[in-house]
Amino acid sequence: MKTSIHHIAIWRLFAFVVILCSHSGWAQSTDVLRVEYLNIPQNDTGIKTQRYKGLFNLPIKLNEKKDYLIVGMEYNRFDMGYSENFPFDKKELIRFHVIDMNLGFITKWNENWNLVTILTPRMASNFISGTVTDDFFMNATATFWKEKPDAEKPYRIVLGLTYNSTTGLPVPLPLINYYRRFHPDWAFTLGIPRSDLKYYVSKKHVFEMALFLDGYFINLQNNILLEDGQVASKISLTSLLGTIGYQYNISNRMALFAMVGTSVVQEGKLRNDEQGNVFLLNDESNFYIRTGFKIGIF
């Protein structure tokens, strides 16, 4: 009985982090600690990107009902390179920062469903001159989930809405996640913003194919005046990525991972204060490389 209760608690935290990482960026994860490097080499538009990420999430048990408070933080730094000329000064489009503070609450809604609510204050800016009001964003998520971790073929269902003003599409988005371990060596996830198929060669070696959304929405502290008279005050990227990956499990919870792939659809844009498009920076596919270390809940 103790083992079963322990497994259910672990799955509850696992589901929280899936929801949290969907809310914070568009990529889903199952991590309490993650250090990651992303490289998107130069494409035909002459733009290249490097991203450095670090995150942690700390679960705090509140009572015997197994309600949890989750506190966490995530930091992303983007370093951009441009080899082509644009009709404006690019010096303030070289480095961007995204800083999240995460506060979440998990409770049991009824016999089958759990409720997760998450609030994420965010700063996303090039931070040319300290911080300004427009650097701050507020994101929120509310979801229901249920899981059967002890079933012959374990599964998890997550259904909800997330409002993320810095993904490049600042409108409420559906969060859907259906996971099933349908074979001892195989598992799949179907959902928005991520779907994947995993093959477990052994406990140490796992291969994966994935399709997921990624992106950012960042304030530019100094407006950029374009030749046509329009003014850009934000920069955004929206990408649909297809990848193949490999994970080496150091232990049950620690792993090294690497993935390569390409963007299926991609749009990098300068935007105005009303979220309108004022200049297209990048709509060409990119090669995609990501690697890192993580400690997972599950």
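Just above sits the structure.
Residues numbered from 1 in each chain as written. Predicted model: local features only at pLDDT ≥ 70, side-chain atom pairs only at ≥ 80, totals over all residues. Heavy atoms only, no water.

Trainee: Quick one: what's the story with the overall build of the protein chain, residue by residue and with numbers?
Mentor: Within the protein chain, the secondary structure is distributed over 1 helix and 15 strands. When the 298 residues of the protein chain are sorted by exposure, 50% land in the buried category. When contacts within the protein chain are restricted to residue pairs at least 6 apart in sequence, those whose partners lie at least 24 apart make up 58%. Counting every atom, the protein chain has about 14100 Å² of accessible surface; 62% of that belongs to carbon and sulfur. (Helix = DSSP H or I, 4+ residues; strand = E, 2+ residues; numbered from the N terminus. Buried < 20%, exposed > 50% of the residue type's maximum accessible area, 1.4 Å probe, protein only. Contact = heavy atoms within 4.5 Å. Areas by Shrake-Rupley, 256 points an atom, 1.4 Å probe, with all protein chains shown as cover.)

Trainee: Provide a residue-level description of the pairing of strand β12 (residues 231–249), including the pertinent values.
Mentor: Regular strands place their side chains on alternate faces of the sheet. Taken together, the 17 bridges between strand β11 (residues 205–225) and β12 define a ladder with antiparallel strand orientation. From the neighbouring strand, histidine 205 faces β12, where its bridge partner is tyrosine 248. A loop of 5 residues connects β11 with β12, the two strands running antiparallel in sequence, and glycine 229 in this loop sits at a positive phi of about 90 degrees. Two elements, β12 and strand β13 (residues 254–271), share 16 bridges in a ladder whose sense is antiparallel. Bridged to threonine 238 within β13 is glutamate 267. If you look at the hairpin formed by β12 and β13, you'll find 4 residues sitting between the two strands. (Pairing = 2+ DSSP bridges.)

Trainee: Please set out the nonpolar core residue by residue, giving values where relevant.
Mentor: Counting 23 residues, the largest nonpolar core has Phe88, Leu93, Phe96, Ile218, Ile235 and Leu270 as the members making the most contacts within it. Elements that contribute at least two residues to this core include exactly β3 (68–82), β4 (95–108), β11, β12 and β14 (277–282). Top element by residues in this core is β11. It accounts for 5 residues. (Core = buried A, V, L, I, M, F, W, Y, C linked by side-chain atoms within 4.5 Å.)

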